[in-house]
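Listed here are the chains, written in short residue letters.
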Amino acid sequence: MVPLLVKIADLEATAAQQKKLEDQCVDREQTLGKTEAALELKIDECARLAAENATLQTKVQELMAALASKDQEMTAQAANFKVAKEKLVEESASSFVEGFAEALLQAACVNPGIDVTRCSPLNEVVDGKLVPLESLDE
C-alpha cells in the first residue's frame, strides 16, 4: 500500500506540475496574443504613416514645382520692370532734353540778342555765372 501511496503522490505532483505548465502556457498564449495585437497596431500605424509620408512628399513636389514656376515668373517680371524702367528713364531724359531745347528756342526768339549756345541742362547758375553741375547724383 505504501508503494501505491507513493505512486499517488507522484501522480498528484505530476498533475500539479502539469497544471502549472498548462497555466504558464495559457499565460504565454495570452501574452503572445497581446503582443501580436500590439504588433498589428504598430504595422497599421506604420502603413498609415507611410501613406501620409507619400502624400506629403507629393505635396512637397507640387510646392517645389509651384515655387520654381513662381520664381521664373518673378524673374521674368523683374526683367520686364527693368526694361520698362530703362525705357521710362530714356523717355524722361528725351522729354527733358526736348523741353530744354524748346525753351532755348523760345528764349532766343523772345530775346534775339541772347547767346544761348553755352546753356545746357548740365549747367547751373552760381553767383550770376553759368557753371557745370558738380554732381548729377546729388
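Calculation notes
Residues numbered from 1 in each chain as written. Predicted model: local features only at pLDDT ≥ 70, side-chain atom pairs only at ≥ 80, totals over all residues. Heavy atoms only, no water. Helix = DSSP H or I, 4+ residues; strand = E, 2+ residues; numbered from the N terminus. Buried < 20%, exposed > 50% of the residue type's maximum accessible area, 1.4 Å probe, protein only. Areas by Shrake-Rupley, 256 points an atom, 1.4 Å probe, with all protein chains shown as cover. Patch = residues over 30% accessible without salt bridge, like charges linked within 9 Å, V, L, I, M, F, W, Y side chains within 5 Å. Salt bridge = Lys/Arg side-chain N within 4 Å of Asp/Glu carboxyl O. Disulfide = S-S within 2.5 Å.

### Let's talk about the overall build of the protein
Part 1 of the argument: Counting its regular elements, the protein contains 1 helix and 2 strands.
Part 2 of the argument: For the protein, the spread of C-alpha atoms along the principal axes amounts to about 160 × 30 × 15 Å.
Part 3 of the argument: Counting the 138 residues in the protein, one finds 1% classified as buried.
Part 4 of the argument: Of the roughly 12,200 Å² of accessible surface on the protein, 62% is carried by carbon and sulfur atoms.

### Remarks on a nonpolar patch on the surface
Part 1 of the argument: Nonpolar side chains collect at one region of the surface, where Met1, Leu5 and Ile8 lie side by side and expose about 350 Å² of accessible area between them.
Part 2 of the argument: Within the secondary structure, Leu5 is located in helix H1 (residues 2-110).
Part 3 of the argument: On the basis of relative accessibility, which here comes to 52%, the residue Leu5 falls in the exposed class.

### Some details on the pattern of salt bridges
Two side chains bearing opposite charge may form a pair once their charged atoms approach each other closely.
Part 1 of the argument: For the structure shown, the criterion picks out 4 salt bridges.
Part 2 of the argument: Here Arg48 ties to Glu45 by a salt bridge, and the two come within 2.6 Å at their closest N and O atoms. One end of the pair, Arg48, and the other, Glu45, are both in helix H1, 3 residues apart, so they sit about a helical turn from each other.
Part 3 of the argument: Take Glu45: its relative accessible area is 35%, and that puts it in the partly exposed class.
Part 4 of the argument: Here Glu52 ties to Arg48 by a salt bridge, and the two come within 2.9 Å at their closest N and O atoms. Linking Glu52 with Arg48, this pair stays in helix H1, spanning 4 residues, or about one helical turn.
Part 5 of the argument: The exposure class assigned to Glu52 is partly exposed, which follows from its relative accessible area of 38%.
Part 6 of the argument: Connected through salt bridges with shared partners, the residues Glu45, Arg48 and Glu52 form a single ionic network.

### Here we look at the state of the cysteines
Part 1 of the argument: Counting across every chain of the model gives 0 disulfides.
Part 2 of the argument: With no disulfide of its own, Cys109 lies closest to Cys119 among cysteine sulfurs, the gap being 16 Å.

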